[in-house]
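# Architecture and fold: a report
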Amino acid sequence: MKKSTKRWKVLLGGVLMQLCIGGIYTWSLFNQPLAEKFGWSRTEVYTAYSLIVFIFAFVTIFSGRLQDKIGPRKVATAGIICFSLGLLIASQATSLMTLYLGYSLLGGIGVGMVYVCPLSTSLKWYPKKKGMVTGITIGAFGMGGFLFNFILSYLINTVGVSATFMVQGLVYGVIGLFGASLLRVPETDEKSQMIVNENDLSTLKMLKTKAFYLLWVMYFFGSLSGLLVIGMAQDIARDTVGLNPQTAGMAVAVAAVFNAVGRLGWGALSDIIGRLRVFAALFLLTALGMTSLSMFPLNAFTYFALLGIIVSCFGGFLATFPAVCSDYFGSYYFGSNYGILYQAYGISALVGPFLLTLFEVETTVFFIAGLLALVGFGLTFLVTIPRSYHAEKNS
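Before going into details, it helps to say that this report is about the structure given with it. Values in this document were obtained by computation on a predicted structure and should not be read as measured data.

## Focus on the overall build of the chain
From N to C terminus, the chain includes 19 helices and zero strands. Taking 395 residues into account, the globule formula puts the C-alpha radius of gyration at 21 Å, and the chain, at 20 Å, falls close to it. By residue count, 59% of the 395 residues in the chain fall in the buried class. For the chain, the accessible area works out to roughly 15,500 Å², and carbon and sulfur atoms hold 68% of it. On the chain, the mean spot of the 26 positive side-chain charges and the mean spot of the 15 negative ones are 10 Å from each other.

This is the structure we're talking about:
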C-alpha cells in the first residue's frame, strides 16, 4: 500500500473517532432536560460536563504513555468501549451519582484514552504539516458537536433524554471502533523519512524548562473562556440574552461550527505565521469577546457573533498547543509530554464551575475570564524555544 494511502486511512480513522468523542460538546442540550426530569439544579447537571472534561484531560497523562508503548489502536479501541459504556450507564441513571459515575467517570476515561491516539499518530505521519494535521484531527472533535446537534435535539424531544444517551452509546461505539481499526504508526522505513526534532525531550526533561510552565499557564487561560461558553451556550442564550428556546437551541450548532473552523483555520495559520503570533491573536480576540459578553446588552446576532469569536479562538488554542508541544519538546515523547501539558485544559474545566458558584452573576465570571485572556496575551512575549537537553549539558 502506498504511503499516501496509509496516511489518509490513519487520518480518516482519527477523524471518525474524534467526531464520536466530540459529542461531549453537545452537553448544553442536556442541561435543561435533565434538570426538569430529575429535579436537579442546573449547576449539578453542568458539573457532569465539567467532570468529564477534567477526567478525560487527566487520563491523557497515562493514555499518552500507554499508546507510546503498546500502540494507538489498542488504546483507542479500549477508550471507545469505555466511552460507549459510560453513555449506556448514563441512560439508566436516576441519581446524580450514577450520572457522574457513568457519563463523567467512565465516559471521561474513554475520551481520555481515545483523544491523544489519533493526534499523536497523525503527527508521526505528517511531520511537515503539524498545524494543519492537528487542526483536522482536533477539528473533528469540535465538529462532532455540530453533526450530532440536530439529531440529539430531535431525539431528546421525541424519545427523551435518557434514551438519547443509549442511542449515542451504540452509534458512537460502532463508528469509533471502525475508526480505531484504521490507526497504525509508521513502519521503520517510513519513520526514517520523517523530520526528527533535535529537541526530543522526555517528560522529566521537559518539566525542567521554563517554556513548559509558561505554555501550561497560557493553555489554562486560553481554555477557560471556551469551556465556560460551550458548556452553557444554550443556557446563556435563553437566560442571559433572552432568546426563545428554538433560537437558543441554535447556540450549540453555532458553537460547534466555529469550534471546528477555529481548529482548522488557526492550526493551519500557525504553520505559516508562527505559533506565538497565533496565540497572541487568539488571546486578544478572546479577551474582546468575553468582556463584551459581560458588559453589553445582546441580541441574537451579537450573541452568536461573540459566541463564534470566543469558540473559534478556543478551537484555535486546542489545535495549536499540540503543534507547539511537538515543536518545542519533540515528537518522540509527544504522547506523554502533551498529556502533561493538557492538564491545563482539564483544570480549567473545574475552575469554571467553581467561579460560577463563587459569583452569583455569570457575567462577572465572563469578565474575569476576559482579564485572564489579557494576561495570557502578555505571556506570549515571554515564551522562548528551549535549547536541547544535550546543548544545556554541554554549555
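## What about the pattern of salt bridges?
Scanning the model with the defined rule gives four salt bridges in all. With a closest N to O distance of 2.8 Å, Asp271 and Arg275 form a salt bridge. Salt bridges linked by common partners bring Asp235, Arg238 and Asp239 together as one network.

## What to know about helix α10 (residues 210–231)
For α10, built from 22 residues, the straight-helix expectation of 32 Å at 1.5 Å per residue is met to within 8% by its first-to-last C-alpha distance of 32 Å. The largest bend in α10 comes to about 25 degrees, at Ser223. Counted residue by residue, α10 has 18 buried out of 22 residues, so it is predominantly covered.

## Section: the packing of aromatic side chains
Each aromatic ring pair is described using two quantities: the centre-to-centre distance and the angle formed by the ring planes. Enumeration over the complete set of coordinates arrives at 32 aromatic pairs. Measuring from ring centre to ring centre gives 6.3 Å for Phe279 and Phe317, while their planes differ by 20 degrees; the resulting arrangement is stacked. You can see Phe279 sitting in helix α14 (residues 275–295) and its partner Phe317 sitting in helix α15 (residues 300–329), a full 38 residues away along the chain. On the basis of relative accessible area, Phe317 is assigned to the buried category, the value being 0%. When the centroid spacing of 4.7 Å and the interplanar angle of 15 degrees are considered together, the rings of Tyr342 and Tyr345 count as stacked. Aromatic ring contacts, followed pair by pair, group Tyr25, Phe56, Tyr115, Tyr219, Phe279, Phe283, Phe314, Phe317, Phe321, Tyr338, Tyr342 and Tyr345 into a single cluster.

Conventions and cut-offs
Residues numbered from 1 in each chain as written. Predicted model: local features only at pLDDT ≥ 70, side-chain atom pairs only at ≥ 80, totals over all residues. Heavy atoms only, no water. Helix = DSSP H or I, 4+ residues; strand = E, 2+ residues; numbered from the N terminus. Rg over C-alpha atoms; globule rule 2.2 N^0.38 Å. Buried < 20%, exposed > 50% of the residue type's maximum accessible area, 1.4 Å probe, protein only. Areas by Shrake-Rupley, 256 points an atom, 1.4 Å probe, with all protein chains shown as cover. Lys, Arg positive; Asp, Glu negative; His and termini not counted. Charge placed at Lys NZ, Arg CZ, Asp CG, Glu CD. Salt bridge = Lys/Arg side-chain N within 4 Å of Asp/Glu carboxyl O. Expected span 1.5 Å × (residues − 1). Bend = angle between axes of the 7 residues up to and from the residue. Phe/Tyr/Trp six-rings, centres within 6.5 Å; stacked < 30°, edge-to-face > 60°.

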